[in-house]
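Fold and contact review
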Amino acid sequence: MNELERIAWDYAPQGLVLAEDRIIRACNRPFAEMVGRETAELIGQSFRVLYTSDTEFRTIRDVGMEALQKGGLYSDERMMHRADGEAFWVRFRARTMTPEAPLARVVMSFAPLGRAEGARLTPRERDVVSGLARGQTSKEIARALDLSPRTIEDVRARLLKKHGERSAAGLIRRLAGPGL
């Protein structure tokens, strides 16, 4: 990579990652800073290090898979966590170079949307909020997590009460902070 390409890569206004089979092969400085780690520490690591639970890591894998297989592109907004556990929201975009096996080689971008308001969410709450942020219904979230829809509704109701919100959209906005 020449000097200008290196500058563009390291000073891009968003995090960039090249991954092969969910292993980080290259990432830029903004991505490393976003997740609170050193670039060298991330290279060769599984994306699992960026998730707080195995369930969250497994669930997110299949999100967008069909779109990647059909058109090679996928985008969503999702909650991620820094090394210190602080939650934040990103606009995620992915382009696969191998639609027949979408995760074999994929380039991703992560643009921060805002900070989660200091609230520490339990792993279950994170799973539910992430599903809500992806526009899933309680039934869809329950199916993905192998739980009952009633359990998801209970967690959702508890989150709404805890954060003084009346709707899932309001809850997502509150947790994402002012950048959303």
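Residues numbered from 1 in each chain as written. Predicted model: local features only at pLDDT ≥ 70, side-chain atom pairs only at ≥ 80, totals over all residues. Heavy atoms only, no water.

The chain goes by PAS domain S-box-containing protein in an unreviewed UniProt entry, where it is assigned to Pseudooceanicola antarcticus.

For the rest of this paragraph, the subject is a nonpolar patch on the surface. Together, Leu-4, Ile-7 and Tyr-11 line one region of the surface with nonpolar side chains, adding up to about 360 Å² of accessible area. Relative to the helices and strands, Leu-4 is located in helix α1 (residues 3-10). Exposure remark for Leu-4: the relative accessible area of 67% places this residue in the exposed category. (Patch = residues over 30% accessible without salt bridge, like charges linked within 9 Å, V, L, I, M, F, W, Y side chains within 5 Å. Areas by Shrake-Rupley, 256 points an atom, 1.4 Å probe, with all protein chains shown as cover. Salt bridge = Lys/Arg side-chain N within 4 Å of Asp/Glu carboxyl O. Helix = DSSP H or I, 4+ residues; strand = E, 2+ residues; numbered from the N terminus. Buried < 20%, exposed > 50% of the residue type's maximum accessible area, 1.4 Å probe, protein only.)

As a further point, take the nonpolar core. Counting residues in each nonpolar core, the largest one holds 25 residues, and the members touching the most others are Val-17, Phe-31, Phe-47, Leu-50, Met-108 and Phe-110. Counting residues per element, the ones that place at least two in this core are β1 (15-20), β2 (23-27), α2 (29-34), α4 (54-62), β3 (73-81), β4 (87-96) and β5 (106-115). Take this core: its biggest share by element is 4 residues, from β4. With near-sequence residues (within four places) excluded, Phe-31 lies in contact with Gly-15, Leu-16, Val-17, Leu-42, Phe-47, Leu-50, Met-80 and Phe-110. Core analysis: the next-biggest nonpolar cluster, separate from the first, contains 19 residues, Ala-87, Leu-113, Ile-141 and Leu-171 among them. (Core = buried A, V, L, I, M, F, W, Y, C linked by side-chain atoms within 4.5 Å. Contact = heavy atoms within 4.5 Å.)

We now examine the domain arrangement of the chain. Per the domain assignment, the segments of the chain are domain 1 (3-112) and domain 2 (123-176). Across the boundary between the two partners, domain 1 contributes 12 residues, which contact 11 residues of domain 2. A combined buried area of about 970 Å² lies between domain 1 and domain 2, and 64% of that area is made up of carbon and sulfur atoms. For domain 1, the biggest contributors to the area lost against domain 2 are Thr-59, Met-79 and Trp-89; these three give 49% of the whole. On inspection of domain 1 and its partner domain 2, the count reaches 0 salt bridges. Inspection of the domain 1/domain 2 interface yields 0 residue pairs in polar contact (both at pLDDT 80 or more). When contributions to the side of domain 1 that touches domain 2 are tallied by element, the ones reaching two or more residues are α4 and β3. (Domains from an automatic or database assignment. Buried area = accessible area lost by both parts, 1.4 Å probe. Polar contact = N/O pair within 3.5 Å; in protein donor to acceptor, adjacent residues only side chain to side chain.)

Checked against the element boundaries, Ile-172 lands in helix α9 (residues 168-176). Residue classification places Ile-172 among the buried positions, given a relative accessible area of 12%. As a C-alpha pair, Ile-172 and Met-79 span 93 residues in sequence and 9.7 Å in three-dimensional space.

On to the pairing of β2, then. In the case of a regular strand, side chains alternate between the two sheet surfaces. One ladder, built from 4 bridges, connects β1 with β2; its direction is antiparallel. Within the sheet, the bridge partner assigned to Leu-18 lies in β2 and is Ala-26. In textbook terms, the turn of a hairpin is the stretch between consecutive antiparallel strands, and for β1 and β2 this stretch comprises 2 residues, one of which, Asp-21, has a positive phi near 50°. (Pairing = 2+ DSSP bridges.)

By the bridge criterion, 9 bridges tie β3 to β4 in an arrangement that is antiparallel. When the sheet's bridge partners are listed, Met-79 is paired in β4 with Trp-89.

Helices that pack against each other are described as a pair by the angle of their axes relative to one another and the distance between those axes. One way to put it is that helix α7 (residues 138-145) packs onto helix α8 (residues 149-162) with a least axis distance of 8 Å and a crossing angle of 115°. Judged by the inter-axis angle, α7 sits roughly perpendicular to α8. When you trace α7 past α8, the crossing you get is right-handed. Between α7 and α8, the contacting residues are Ser-138, Lys-139, Ile-141, Ala-142 and Leu-145 on the first element and Pro-149, Ile-152, Glu-153 and Arg-156 on the second. (Axes fitted to C-alpha atoms, helices over the stretch in contact; angles between N-to-C directions. Parallel < 35°, antiparallel > 145°, perpendicular 65-115°, else oblique. Left-handed = near helix turned anticlockwise from the far one by under 90°.)

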